[in-house]
Every structure is written in structure tokens, then in C-alpha cells.
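Chain and residue survey
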Amino acid sequence: MADARDTICALASGPPPAAIAIVRISGPRVREICSAVFEKGVPAPRHAVFGRFLDVSRDTIDEGLGLFMPGPSSYTGEDTAELYLHGGAAVIDHALDTLCAFPETRLAEPGEFTRRAFENGRLDLVEAEGVADLIDAETRAQKSLALDQLDGRLSDQYAAWRVDLVNALALLEVSIDFPDEEDAPDETSDPVREKLESIQASLEQALDDEAIGERIRDGFRIAIVGPPNAGKSSVLNRLARREAAIVSDIPGTTRDIVEVRLKIGGQIAWVADTAGLREASDAIEAEGVRRARERAAAADLRIQLRSADTRPDFHEAESGDLLVLNKTDLSDDVTVPEGGLAISSLSGDGFEALETRLAEIIRAKAGASAAPLITRRRHRVALEQAQFHVKQALDLQARGGGAELVAEDVRLASRQLSALIGEIGVEEILGAVFSSFCIGK
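Quick caveat: nothing in here was measured; it's all calculated off a predicted structure.

Things to note about the sheet that holds strand S12 (residues 341-342)
Read across the sheet, six strands follow the order S8-S9-S7-S10-S11-S12 without closing on themselves; strand pairing throughout is mixed. Across the chains shown, the open sheet's two edge strands, defined by having one partner strand only, are strand S8 (258-264) and S12. Across two bridges, strand S11 (residues 322-326) lies against S12 in parallel orientation. By the bridge assignment, Val-324 is partnered in S12 with Leu-341.

Section: the pairing of strand S4 (residues 60-69)
For S4, the buried fraction is high: seven of the ten residues fall into the buried class. Relative to S4, strand S3 (residues 49-54) is paired through six bridges, and the arrangement is antiparallel. From the neighbouring strand, Arg-52 faces S4, where its bridge partner is Glu-63. Here S3 hands over to S4 after five residues, with Arg-58 in that stretch at a positive phi of 70°. Both S4 and strand S5 (residues 80-87) contribute to a ladder of five bridges, which runs antiparallel.

Observations concerning the side chain of Asp-6
Within the secondary structure layout, Asp-6 lies in the segment before strand S1 (7-11). Its relative accessible area of 14% is what places Asp-6 among the buried residues. A distance of 2.8 Å separates polar atoms of two side chains, one belonging to Asp-6 and the other to Arg-106. If we ignore the near neighbours within four places in the chain, the residues touching Asp-6 are Ser-26, Gly-27, Pro-28, Glu-104, Arg-106 and Arg-116.

Calculation notes
Residues numbered from 1 in each chain as written. Predicted model: local features only at pLDDT ≥ 70, side-chain atom pairs only at ≥ 80, totals over all residues. Heavy atoms only, no water. Pairing = 2+ DSSP bridges. Helix = DSSP H or I, 4+ residues; strand = E, 2+ residues; numbered from the N terminus. Buried < 20%, exposed > 50% of the residue type's maximum accessible area, 1.4 Å probe, protein only. Polar contact = N/O pair within 3.5 Å; in protein donor to acceptor, adjacent residues only side chain to side chain. Contact = heavy atoms within 4.5 Å.

Here you go:
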């Protein structure tokens, strides 16, 4: 990260050409820049002013609106300004070149505006991630999840657990600080245990959510599995409405996983075509079969596909798998398994019903957990570590361990939650979090 004392600028709207471009500026030199660039001087706070924007030679950059927002009541917590210009490439380049000509002013790095908001206490780390997720949201479910996160619902719960841990730690400190007081251990032991048991139960409930938050954010995984020549690649291509996978009559054509990203039931879904499940004829096909079984085991939904022109056998199917009989156009005697579907990847018959069923299943999975408290792997790991230390503390207390040892595990659990919302020990992950943002955010 470059010098945080610099004033930064960037295009905060879409790339040119566009009807309007928004150029954002933040930092200690914003007032000076506004005074020089805005023809009418520094605008009154939060009042848009129409006029010309001028470069250092007093040539016109463009006409548009200027907006000034003094810190700390701005997005970044610093003095901030925005230039609303026409969205042509020449206008944008002229504006950014002019701004960067001022001393200690430079182009912003990815996510630097939001990082400054975090560093200035305008957002915590979880809320900052919500900003990135809101920008990247492709579905209403993703948008709703991101808004929840940005509004602080997740952070509030994480902080509440941390407060409960700190309160339990305070009670433990009484036992440590006053070991000679006969009543102190008895008066603190039960309240500590009750608090820790309550936190343990809450963490367990949050973690036992089938990763719904991550699924909504990253996408549900669907694997098409079955023997060679069942038509898995053809089914994938029909669902994708393009030639995503190679189709051939030669068994074993698909050896690696071919995956497409689709919207199904209002959610993002990754649909994977896998290698045919059979005894492999060579090492490469064996690796493909191994990967197919691995992907099938990790999938949120397996489409067990069989061909109607063979003796279809669904014995490998498990509860919850969607049973689909393909190539029904090649057989006059089609027996569809109970709860299954009959389709033809050649003619397209049955695909509307297949897509409807997939949408129903995905919607049901997405709605299985109301208001998930975990949306990223980082959150889950931190909560798992916190839960581990809470459990360790309870086990130590139950075995009569000293208050010092119990307190250390409670302290470690609290640190995990503090790091999660960005209060301590997060420098090593800040670069990874904010580098995923777009330049102007």
C-alpha cells in the first residue's frame, strides 16, 4: 500500500464511454484541489455546484457538477470530493492527469477508498467486505446478503459474542486476582460456565448452517455424474445453451471436469460435467474418474444421469440425488425412477421440467437457513477457532483446571472475534481483502 497520507483519486464509475463519469478524490489536499480545479471554488459541503473544471493551465477539462464532503463525515472519513463529468475517455484522462499533477496526489490502488474508511473507523472489516460483495452481486439474494453485512448485522453479532467473552474473562480475573477469598471461586464459576455454554451453543448454531451464506455468495455446486455415454456433456451444453463441453460417442471423452456458471432459481450455480464412472482404461482416465467422484462428493446436488438405450442402473445414487433418464428418444420402453425425470438432450424434450426442478431444489437449499451469519471462508475459520477455544475453556473448567488456564482460552476466543471484525491483528489479511475491490472503491 502506498503512503496513506497521499491524496488519492480514481474513476469511481464504469469505464468509458458512458453518459456520466464520476471521479472521486480523498485526502488532505482535497480542499486545495477543489479550489484550483472547480471554477467556482470549494463548493458548500454536500451541495452540488454546476460549473467548469479547469486544469493547471486554466484550460477547460469539462463542464459538470462538483461535490465536496468534509471529513470525518464522509465515506472515507477524510475530506472527499467528486467530479461528475461527461463519460468520454479524453475527459476522464484529462481530469485524472490534472489531479495527479498536484503534490502528494496519485491514483488510488484497488479498494483504497474503502480501506481508508476502515482505517478511519467508518466501517469494520466485515462491513467493508459487504461493500465488495454488494458491488459484485449478480442476484437479488447476493445483494440482500451483502446489504445485511454492510448494515452491520454480522458485525453486531460477532461483537456481542466478544462482549460476552470479555464479561466471562472479567469474572475469571476475579478468581485470579483474589485467590484467597473463599467465596470468589464459587461466585464466579457458575456464571462463567453459563456464559461460555451460551456462547458455545450460539457458535455451534451459526456454524451448523450448511455453508448457505458462502453458497449464496460463491454459488451452489451441481455435479452431473453417471457412466460413459450417458450424455452428461450434452446435458451440460443444453443447460448452458452453448457448446461448453466436447460431445462424442467415444467412451471416456470427458476426462477432466468441465464447469459452467449459470443462474438457477435466482442463485448462482456451478454445473460440472464429469468423467464417466467406470473402470478406467489408462492413468489419465483414472485421474478423471477420481476427480469426478471427488467433485460429486463435494457437490450440493448430484444429477445422476443414465441412458435409456442401456439398462439404466441407479444403484450408486444416494438420497437427495436427482435421478434423470436421458436419450428417451432412442427407446420406446422408458421406465422413469420414482421422483426422477425423463429427458432427451438431442431434442430438448424434458429440459424445461429439469430446469424447473433444479430451480426448486436450489431455492429450497438457499432458504434452508434464515439470515446466515457467515458469508466467507475467513468468517467460518475465525468462528471455528473461537468455538474451539470456548470448548477448551469449558473442558478445562469441568476438569478443575486453574482459572488462569481457562482465562487464556477465553482470551484467545475473544481475539479471534476481534480479528474477525478488524479490531486487532489484521494487517496480514488487509491486502488480500481490499485488493479484490475495484479501483474507484
